[in-house]
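If you want the building blocks of each chain, they are given just below.
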Amino acid sequence: MAELLASKAMGTSLRRVDGVAKVRGTAPYAFDHPVENPVYLFPVQATIARGTVSWIDTAEAEAVAGVIAVLTHLNAPRLARSDDAEYAVLQGPGIGFRGQFIAAVLAETGEIACHAAGLVAVGYDIAVHDASFTAGHPGQYTPGQVNGGAVPDTAAGDVEAALAEAAVVLDQTYTTPAGHNNPMEPHSTVAAWEGDSLVLYDSTQGVHAVRQTLAPLFGIAPENIQVAAPNVGGGFGSKGLPHAHVVLAVMAAQCSNGRPVKFALTRQQMFSLAGYRTPTVQHVRLGADGAGRLTAISHEVVELTSRIKEFAEQTAVPARMMYAAPNRRTSHRLVPLDVPVPSWMRAPGECPGMFGLETAMDELAEACGLDPLELRARNEPDLDPETGKPFSSRHLLECFTTGAGRFGWDRRSAVPGGRLEDGWRVGIGAASATYPFYRNPGNAARIAYGGDGTYTVQIGAADLGTGSWTVLAQIAADALDCPLEAVRLEIGDTSLPVASVAGGSSGTASWGGTIIAAADAFRKEHGDRPPAGAATQAAAPEDPEAGRYALHSFGAQFAEVRVHADTGELRVSRMLGVFSAGRIINPRTARSQFIGGMTMGIGMALHEAGIMDPRFGLVVNHDLADYHIPANADVGDVDAIWLEEVDLHAGALGARGIGEIGITGAAAAIANAAYNATGIRIRELPLTAEKFLS
Amino acid sequence: MDKRISLLVDGEERTLTVDTRTTLLDSLRDRLGVTSPKKGCDHGQCGACTVLLGGRRVNSCLVLAVAHDGAEVVTAAGLGGGGGELHPVQEAFLARDALQCGFCTPGQVCSAVGMLQEAATGQPSHVTADPGRAVELDDAEIRERMSGNLCRCGAYVNIVAAIRDAADPGRTSGTASAGARP
Ligand code: FES
Ligand code: FES
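Throughout this description, residue numbers start from 1 for each chain and increase along the sequence as written. Chains carry letters from A onward and ligands carry numbers from 1 onward, assigned in written order. A pLDDT threshold of at least 70 governs which residues receive local features in this predicted model, and a stricter bar of 80 or more applies before side-chain atom pairs are shown or counted, although totals over entire chains, interfaces and linings include all residues. Hydrogen atoms and water are omitted, and side-chain values are computed over all heavy atoms in the structure.

S.K.: Which parts of the structure should I look at to understand the overall build of chain A?
M.R.: Helix numbers and strand numbers start at the N terminus; a helix is a DSSP run of H or I with at least 4 residues, a strand a run of E with at least 2. A tally of helices and strands in chain A yields 14 helices and 26 strands. Relative to a compact globule of 694 residues, whose C-alpha radius of gyration would be 26 Å, chain A shows 26 Å and is just as compact. Overall, the C-alpha framework of chain A stretches about 75 × 70 × 50 Å when taken along its three principal axes. When a residue's accessible area, from a 1.4 Å probe over protein chains only, is under 20% of the maximum for its type it is buried; when over 50% it is exposed; and in between it is partly exposed. Looking at chain A as a whole, 64% of its 694 residues qualify as buried. The contact criterion used is simple: two residues touch if any of their non-hydrogen atoms lie within 4.5 Å. For chain A, restricting intrachain contacts to residue pairs at least 6 apart in sequence, the fraction spanning at least 24 positions comes to 81%. With the model as given, the accessible surface of chain A reaches about 22600 Å², and the carbon-plus-sulfur share is 52%. In this tally, Asp and Glu contribute negative charge and Lys and Arg positive charge; neither His nor the terminal groups of the chain are included. Just so you know, the charge point we use is NZ for Lys, CZ for Arg, CG for Asp and CD for Glu. Taken together, the 51 basic and 74 acidic charged side chains of chain A have centroids lying 3 Å from each other. Throughout, radius of gyration means the C-alpha value; the globule benchmark is 2.2 Å times the number of residues raised to the power 0.38. Computed with the Shrake-Rupley method and a 1.4 Å probe, the accessible areas treat only the protein chains shown as cover for residues.

What follows is the structure, given as structure tokens:
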């Protein structure tokens, strides 16, 4: 057990330190950075899903006044490496998905670039493509591993025999559609070559990851790439690693006579170029004895990947550790298609997987004649069912009991469809939430004393709305045992010590833990009265307990919905999340993050679905008018609370991360509430009105 | 085709040459370096570009600059007046943590200021029960009237609370600090 850092600044509801600049709009995001004499880039995208560019005519585009260059695969600079097909931009005529970059116009203004891009004429050799995702697709295969590094399949005991003998069996298939991250800030890059050095303002969840990715592609040393991202307008995974547009912007900057290139994807382009969540088909089978104790859990998932680059969402992974059962099986199969490259979207794996599992648990509770919360209580494992390790902290049931009282679970009608108010059927539902603890290696922090009582704390971390500017300052103040006002935090730049990506809800623990280590090292080296200019850089400490515990966060999601008896319209009137996530550094920003995840869960439940037209490989609803994310009026009374807790086995910080757990279980809680309201069980997201009218 | 126009932006007289295709949003951001309004979609679908044009909220990505020669534009950067002080709506956003990444926030703030004015002058919304009477700005009204401003971070609950506070500072119940606990 690491020695815990005592809380002074931590635990207080400090206002966001970047808040004033953000309510005024003066905090610069990537595209906002002023640069001298910029060139604007607008891309041309493939309009077929598979094949090759047979000819491309740029003459008309080049003739437009103000056009500086038109790049195609025929004249674009060669990359030093092109083994990653997503990054091999304009390296050949091949087309792997509709929407892929096939040309780019550089011009004096955005209007000119956009206009000229429309004048580029293209001919194709069209190959037969396949963009039809079905669970029975004959091309499906088992990936070597799933996202996060876990094995694709697991098996323990004899699931088939246990199901054959079970008193109660639940056997259902659940589906989730494609989801698109849609951060409000489109993916944007400003790229400039200054001699041999590359300078980027990028909208990214990790400046160092951008540098590490680009260096081998362009054959330059990482030190010759500077990336700045002081403010990031959301990412939710889609800015976790650079996508093709960053490569294109850098390439274009090699062809712009030294002028900086500005490139922001349009909202429409984001749907094929910025990653998205795969649709999933989840076959869940649960067996239970007469008392509702699980004897078998089977969660078998089919999902897609792009043919040109594999991404394997770890959808069945939460079923490995949620509930006790002696016989267990999980599997992942990928259908390779000629579609845009899927990637991380908030809580990859846990988010779709907990929809299937937690809807199934609700169904099993009814089949067993048990209250859904009681069913969870009867299946609480003593040890992590998958690894046999003790949980560092598992308070799932406490989350449920705390939330049940507060939410008014006792008002839930045991019989579905039992509450009708003003023409609306009202129901209440619940679901478990979970997310693993990740702490990433590869972090360092530097602390320097200014002589005037102030400490400069540097780490190349990111704030995408997560509150890092605020909570890392709080952690640093306590680590240095100094007032908060004495901390000058610097993040979001590769000139600062290396930091891991803001992903996997790992940021605060990874970066904060490193800052604590650097503060310790600083005090050891310089004492409590350091001379002006004293500085120390330190890496994150080894975790002496690594591998001894199963570390996961848990939560209980409660939802009240109203489904209109005549129209099927569904409204989420109330939601409460109760979470157990270790130490909470800043209650104000933490609540926002939990609520934000739950709100995205409302979107997932109610309306988010990327619609692929398999005839064309096109995401049909590729804008915010047709791909609905929650608007203000979609969100009722949503609140989040948490258990007071410090994880004694999660380093000196004792925090497990909160960015993603809020979306897990949220859609299941809403679907379960909708069943309680109507008696209609929807197993295919989203819960659109027509599904309640059959 | 280019045209010379002038705009009064956040209290400052600005003269510029614009392509007749240039939106007000791009004029502000790319020509004048006023980057407070953001571009989330460029199609009137997200509200991130909301500014006050002649005192009314508009999606500046849907407005051609050339059509508004001489107009007054107020962005979130200019809402609070020249001395750097914040507008009460901005103060309320901070107090309620009505933002996360902050990208939608300048648009939310401008939209809220415009919306409060609309409600004060009795303009009904889709959820107004009796359009003939003064608007009572309850949560349902605020949600409806703010639904043109998307927030992917999901700050709506706090945005509504902030606007409720700003609309009627005396009425507010509950504390401004977050983090209710069991
Ligand atoms: S950028 Fe104008 S509404 Fe989205
Ligand atoms: S605060 Fe991030 S989109 Fe609203």
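S.K.: Would you explain the domain arrangement of chain B in this entry?
M.R.: It is common to give the size of an interface as the accessible area lost on bringing the parts into contact. All names here are of chain B. If you check the domain split of chain B, you get domain 1 (2-78) and domain 2 (88-171). Here domain 1 and domain 2 have C-alpha centroids that lie 22 Å from each other. Across the contact, 15 residues belong to domain 1 and 15 residues belong to domain 2. Note: buried area is the sum, over both parts, of the accessible area (probe 1.4 Å) each one loses when the two are combined. Carbon and sulfur atoms make up 57% of the area that domain 1 and domain 2 hide from each other, which totals about 1200 Å². The salt bridge criterion pairs a side-chain nitrogen of Lys or Arg with a carboxyl oxygen of Asp or Glu, the two atoms within 4 Å. For the interface between domain 1 and domain 2, the tally reads one salt bridge. Residues R57 and E118 are paired through a salt bridge, measuring 2.8 Å at the closest nitrogen-oxygen approach. Residues adjacent in sequence count toward polar contacts only when both atoms are side-chain atoms; beyond that, a polar contact is any pair of N or O atoms within 3.5 Å, and within protein one must be able to donate a hydrogen and the other to accept it. Scanning the region where domain 1 abuts domain 2 turns up seven residue pairs in polar contact (both at pLDDT 80 or more). Note that Gly is not counted as nonpolar here; it falls among the polar residues with everything else outside the nonpolar set of Ala, Val, Leu, Ile, Met, Phe, Trp, Tyr, Cys and Pro and the charged set of Asp, Glu, Lys and Arg. Partitioned by chemical class, the residues of the side of domain 1 that touches domain 2 number six nonpolar, six polar and three charged. Where each domain begins and ends follows an automated or database-derived domain assignment.

S.K.: Where do I start with the interface of chain B and chain A in this structure?
M.R.: Contacts between the two partners involve 58 residues from chain B and, on the opposite side, 66 residues from chain A. Interface area for chain B against chain A, summed over the two sides, is near 5000 Å², with a carbon-plus-sulfur share of 54%. Inspection of the region where chain B meets chain A yields five salt bridges. The salt bridge partner of R16 of chain A is D97 of chain B, with a shortest N-O separation of 2.6 Å. At the boundary of chain B and chain A, one finds 29 residue pairs in polar contact (both at pLDDT 80 or more). Mapped by element, the contributors of at least two residues to the side of chain B that touches chain A are α1 (24-31), α2 (88-95), α3 (105-120), α4 (139-145) and α5 (156-167) of chain B.

S.K.: Could you clarify how one ought to interpret the packing of aromatic side chains in this entry?
M.R.: The way to describe two aromatic rings as a pair is by their centre distance and the angle between their planes. All names here are of chain A. Two aromatic rings, drawn from Phe, Tyr or Trp (for Trp, its six-membered ring), form a pair once their centres lie within 6.5 Å of each other, and the interplanar angle then sorts them: stacked below 30 degrees, edge-to-face above 60, tilted otherwise. Throughout the structure, instances matching the rule amount to 14 aromatic pairs over all chains. Ring plane angle 55° and centroid distance 6.0 Å describe the contact between F101 and F263, whose orientation is recorded as tilted. One end of the pair, F101, is in strand β5 (residues 101-107); the other, F263, is in strand β12 (residues 261-264), and 162 residues separate them in sequence. Of the two residues, F101 and F263, both sit in the buried class.

S.K.: Explain the confidence of the model for chain B to me, please; I cannot follow it from the model alone.
M.R.: All names here are of chain B. A score between 0 and 100, pLDDT records how confident the predictor is in each residue. Residues of chain B with pLDDT of at least 70 account for 93%, and the chain-wide mean is 92. This stretch, residues 172-182, has a pLDDT under 50; its non-local contacts, to residues over four places away or in other chains, come to 29 contacts. Two summary scores accompany this predicted model of the complex, namely pTM at 0.97 and ipTM at 0.97.

S.K.: Help me understand the environment of A178 of chain A in this model?
M.R.: All names here are of chain A. Considering the arrangement of structural elements, one finds A178 in the loop between β8 (168-176) and β9 (188-194). Residues A178 and L624, 446 residues apart in the sequence, show an inter-C-alpha distance of 15 Å. Each residue touching A178, except ones within four places of it in the same chain, is listed here: Y276, R277, T278, P279, A609, G610 and Y627.

S.K.: What's the story with the domain arrangement of chain A in this structure? I'm lost.
M.R.: All names here are of chain A. The domain architecture assigned to chain A consists of domain 1 (19-28 + 443-539), domain 2 (33-128 + 182-273) and domain 3 (389-437 + 548-692). Taking only C-alpha atoms, the centre of domain 1 and the centre of domain 2 are 33 Å apart. Each partner contributes to the interface: domain 1 provides 18 residues, whereas domain 2 provides 19 residues. Between domain 1 and domain 2 lies a buried interface of about 1400 Å² when both sides are counted; carbon and sulfur atoms form 53% of it.

S.K.: Even after reading the chapter, I still don't get the environment of S392 of chain A, so can you show me in this structure?
M.R.: Residue and element names in this part refer to chain A. Structurally, S392 is set in the loop between α9 (372-378) and α10 (396-407). You can call S392 buried: its relative accessible area is 15%. Placed 102 residues apart in sequence, S392 and G290 show a C-alpha to C-alpha distance of 31 Å. Not counting the four nearest positions on each side in its chain, S392 is found in contact with Y549, A550, L551, D647, H649 and R656.

S.K.: Looking at this model, I keep getting lost on the pattern of salt bridges. Mind explaining?
M.R.: Opposite charge on two side chains lets them pair, provided their charged atoms get close. All names here are of chain A. In the structure shown here, the tally under the stated rule is 43 salt bridges over all chains. K309 is the partner of E86 in a salt bridge, and the nearest nitrogen-oxygen pair spans 2.7 Å. Taken together, the residues E86 in the loop between β3 (67-72) and β4 (94-95) and K309 in the loop between β14 (294-306) and β15 (327-337) connect sequence positions 223 residues apart. Between R329 and E160 there is a salt bridge, and its shortest N-O distance comes to 3.0 Å. Taken together, the residues R329 in strand β15 and E160 in helix α4 (residues 159-165) connect sequence positions 169 residues apart. Of the residues examined, R329 reaches a relative accessible area of 24% and is grouped as partly exposed. With relative accessibility at 38%, the residue E160 sits in the partly exposed group.

S.K.: I keep staring at the layout of surface pockets and nothing clicks. Help me out?
M.R.: One water molecule sets the probe size; rolling that probe over the atoms shows where empty space is left. All names here are of chain A. For the second largest pocket, the calculated volume is near 880 Å³. Within this scheme a cavity is a closed region of a 1 Å grid, computed over the protein atoms alone, that accommodates a 1.4 Å probe without allowing it to escape, whereas a pocket is open but has protein on both sides within 12 Å along at least five of seven lines; lining residues each have an atom within 4 Å of a point. Along its surface, the second largest pocket is lined by 46 residues, and G503, G504, S505, S506 and E660 are the ones closest to its centre. Counting only elements with at least two residues in the lining of the second largest pocket, the list comes to α11 (468-480), α12 (507-526) and α13 (587-606). Split by residue class, the lining of the second largest pocket holds 21 nonpolar, 21 polar and four charged. Grid points are joined across faces, edges and corners, and a volume is the space filled by probe spheres set on the points.

S.K.: Looking at this structure, I do not really get a nonpolar patch on the surface. What am I missing?
M.R.: Surface patches are drawn from residues lacking salt bridges whose relative accessible area is over 30%; two like charges belong together within 9 Å, two nonpolar side chains (Val, Leu, Ile, Met, Phe, Trp, Tyr) within 5 Å. A surface patch of nonpolar side chains, amounting to about 190 Å² of accessible area, comprises L4, V646 and L648 of chain A. Along the chain, V646 of chain A turns up in the loop between β26 (635-642) and α14 (666-678).

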